[in-house]
Amino acid sequence: SSSSSSSSSSALCVTPTNTFSEAYYTMPLNNTGKTDYVRFTGSRNLRHRLVCATLTSRAVRIDDIRAQGTSNPGLRAYEASFLRLLDKITNGSEIIINESGTSLKYKPGVIVGGKRLTHDCGLGRGLGYYVEALCAIGIFGKKPMEITLFGLTNDDEEVSVDTFRTVTLPMLKKRFGCDDGLSLHVAKRGCPPDGGGEVKLSFPIAKELPGGIDWVTEGLVKRVRGVAFTARIPPQMANRLVDGARGVLNNFLPDVYIFTDHHNGKEGGNSPAYGISLVAETTEGCVLGSDCSSASTRKEREKEEDEGRLLLDHRGGTNTKDHEENAEEEDQSQKTPEDYGRECAEALVSEIQRGGVCDSSHQALVLTLLACSPDQICRVRLGQLTPRSIQCLRTIRAFFGVTFNIQPEPESGTVFLSCVGAGMRNVAKRAT
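About the cut-offs
- Within any chain, residue numbers begin from 1 and follow the written order of that chain's sequence.
- Owing to the predicted nature of the model, reporting of local features is limited to residues with pLDDT of at least 70; listing and counting of side-chain atom pairs is limited to 80 or more, with chain, interface and lining totals taken over all residues.
- Side-chain metrics rest on all non-hydrogen atoms present in the structure, leaving aside hydrogens and water.
- A pair of strands is treated as paired once DSSP finds two or more bridges between them.
- Secondary structure elements are taken from DSSP: a helix is a run of H or I of four residues or more, a strand is a run of E of two residues or more, and numbering for both begins at the N terminus.
- Axis geometry follows a simple rule: fit a line to the C-alpha atoms, using only the stretch in contact for helices, then measure angles between N-to-C directions, giving values from 0 to 180 degrees.
- Criterion for a salt bridge: a side-chain nitrogen of Lys or Arg within 4 Å of a carboxyl oxygen of Asp or Glu.
- Exposure classes here rest on a 1.4 Å probe applied to the protein chains alone. A residue is buried below 20% of its type maximum, exposed above 50%, and partly exposed in between.
- Stacked, edge-to-face and tilted are the three classes for Phe, Tyr and Trp ring pairs, Trp counted by its six-membered ring, which pair at centre distances within 6.5 Å; planes under 30 degrees apart are stacked, over 60 edge-to-face, the rest tilted.
- By definition, disulfides here are pairs of cysteine sulfur atoms that lie within 2.5 Å.
- Here the angle decides the label: under 35 degrees means roughly parallel, over 145 means roughly antiparallel, 65 to 115 means roughly perpendicular, and every other value means oblique.
- Left-handed is the label given to a crossing in which the near helix is rotated counterclockwise from the far helix by less than a right angle, and right-handed is the label when the rotation is clockwise.
- The contact rule is simple, with two residues in contact once any of their heavy atoms fall within 4.5 Å.
- As used in this structure description, the phrase polar contact means that two N or O atoms lie within 3.5 Å; if the pair is within protein, one of them must be able to donate a hydrogen and the other to accept it, and residues adjacent in sequence are counted only when both atoms belong to side chains.

Next up on the list: the sheet that holds strand β8 (residues 114–120). Reading across from one edge, β8-β9-β11-β10 is the order of the four strands in this open sheet, with mixed pairing throughout. The open sheet has two edge strands, β8 and β10 (183–188), and neither has a second partner. Between one strand axis and the next, the sheet turns by 15 degrees as a mean value, whatever way the strands run. Judged from the seven bridges that link them, strand β9 (residues 145–151) and strand β11 (residues 197–203) form a sheet pairing that is antiparallel.

What follows is the structure, encoded as structure tokens:
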């Protein structure tokens, strides 16, 4: 552990802003010489905890991972895949998992990045689960990162790769100074249940994030753009998606243009599906997004649970959720492309009504990057905080020692959050 700590300090330097932060960042070992872990319990927010541990080079221990209330305890396959991804982009990381998978020890190494990296993300979660974490980690690497991810490009739970391309990347370029070399290219579509998608990502490295960020002006929505995709099905489905979305959006503004993107053969992946991604641009340069897909990963996520549930059934137990799940599957199968387009447009209108300079799916990423910024006061306006964002604030306080000041604005329903950044600097990036 001592060699890992010494190597990581050469790649990432964290400048504390007070004595509390200094105790966090300069004392990885306690008085007995053992590793000083940041301890958590439960599986909630596991990905963000691992991201913060990697950024701050602090060891983390997570116990009781689905240890109670489930017939199949421990880490899921997509969480193990995320740990393998962290191991690929770092050097010297140590990952220890107990036999039951309910306890995890993670000692992060140096973020090295590199070119020609590949990772198979599996079929449990969409690629957005992994891309969001890479957006926070990649800019603090020793070298620019070029990585190819294989898996699900569009599903019903994670943010789609189209939203990352049209919302997340422009936000990183304009607000956080990650302009040179930041790109995302969708080579192949991949949808549940069989996947087959391929996405190529490129991240530059930065000396440090911009200081004194004051991002509080929302502006008014001036136009809406979007992409309706089809994979291994007739391209007419994309036109029906567009019609459903325009039926909602044209009631608010005339400047609505949605592209169609048809993929067939190998470029369409292994499963037929269709979906739509929308982005609203404001007069102040803010971008808000929403997306919707006809393919669901719910069956894959519940597959592991079903294995344990079947074991209980053989022992005489009953599954009380069967009727509800069957009814939900029937309702999902009866949806038309117009319904999905209308649903996505209504979700976008809801995000606009919520307020804030970014949509709810990007709140956690924005808060994490603000915590990494130089030791200057940063301020941002967000809509109503999601439960995930609230948990994110607790994790940031545990790892970075950064506490956000929250001031609600009842008139608009938005929230002002301000903090003093932890002062993270990437010493591998030469100053110019």
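It is worth spelling out the pattern of salt bridges at this point. Within the structure shown, the criterion is met by 19 salt bridges. With a closest N to O distance of 2.7 Å, Glu343 and Lys335 form a salt bridge. A single network of salt bridges, built from pairs that share partners, joins Asp162, Arg165, Arg189 and Asp261.

What follows is about unusual backbone geometry. Cis geometry is adopted by the peptide bond preceding Pro193, which originates at Pro192 and carries an omega value of 5 degrees. In this structure, Arg66 is a non-glycine residue whose phi angle is positive, near 50 degrees. With respect to the secondary-structure elements, Arg66 resides in the loop between β3 (60–63) and α4 (77–89). Owing to a relative accessible area of 18%, Arg66 belongs among the buried residues under this scheme. Residue Arg116 is not a glycine yet carries a positive backbone phi of 55 degrees.

So, about the packing of aromatic side chains. Scanning the entire structure with this criterion turns up eight aromatic pairs. Centroid distance Tyr78 to Tyr129: 5.5 Å. Interplanar angle 85 degrees. Geometry classified as edge-to-face. Here Tyr78, found in helix α4, pairs with Tyr129, found in helix α5 (residues 128–137); they are 51 residues apart in sequence, far enough to count as distant. Here the aromatic rings of Tyr257 and Phe259 are separated by 4.8 Å at their centres, their planes lie at 75 degrees, and the arrangement is edge-to-face.

For the structure shown, the criterion picks out zero disulfides. Sulfur of Cys52: no disulfide; nearest cysteine sulfur belongs to Cys392 and is 6.4 Å away.

Okay, the packing of helix α7 (residues 236–249) against helix α10 (residues 337–354) next. Here α7 crosses α10 at 40 degrees, and the two axes come no closer than 7 Å. When the interaxial angle is binned, α7 and α10 end up oblique. The crossing of α7 and α10 is right-handed. For the pair formed by α7 and α10, the contact residues are Met237, Arg240, Leu241, Gly244, Ala245, Val248 and Leu249 on the first element and Pro337, Glu338, Tyr340, Gly341, Arg342, Ala345, Glu346, Leu348 and Val349 on the second.

Working note: regular strand, side chains alternate between the two faces of the sheet. Across four bridges, the pairing between strand β5 (residues 94–97) and strand β6 (residues 104–107) is antiparallel. Within β6, the position partnered with Ile96 by the bridge is Lys105. Here β5 folds back onto β6 in antiparallel fashion, the turn holding six residues, of which Gly101 has a positive phi close to 80 degrees.

In this structure, Ser271 sits in the loop between β14 (256–263) and β15 (273–282). Overall, Ser271 belongs to the buried group, its relative accessible area being 1%. Along the chain, Ser271 and Arg232 lie 39 residues apart, while their C-alpha atoms are 7.1 Å from each other. Leaving out residues up to four positions away in the same chain, Ser271 has contacts with Cys191, Pro192, Pro193, Asp194, Gly195, Ala231 and Arg232. In terms of polar contacts, Ser271 uses its side chain to reach the backbone amide nitrogen of Asp194, at 3.0 Å.

All quantities given are derived from atomic positions and should not be read as evidence of function.
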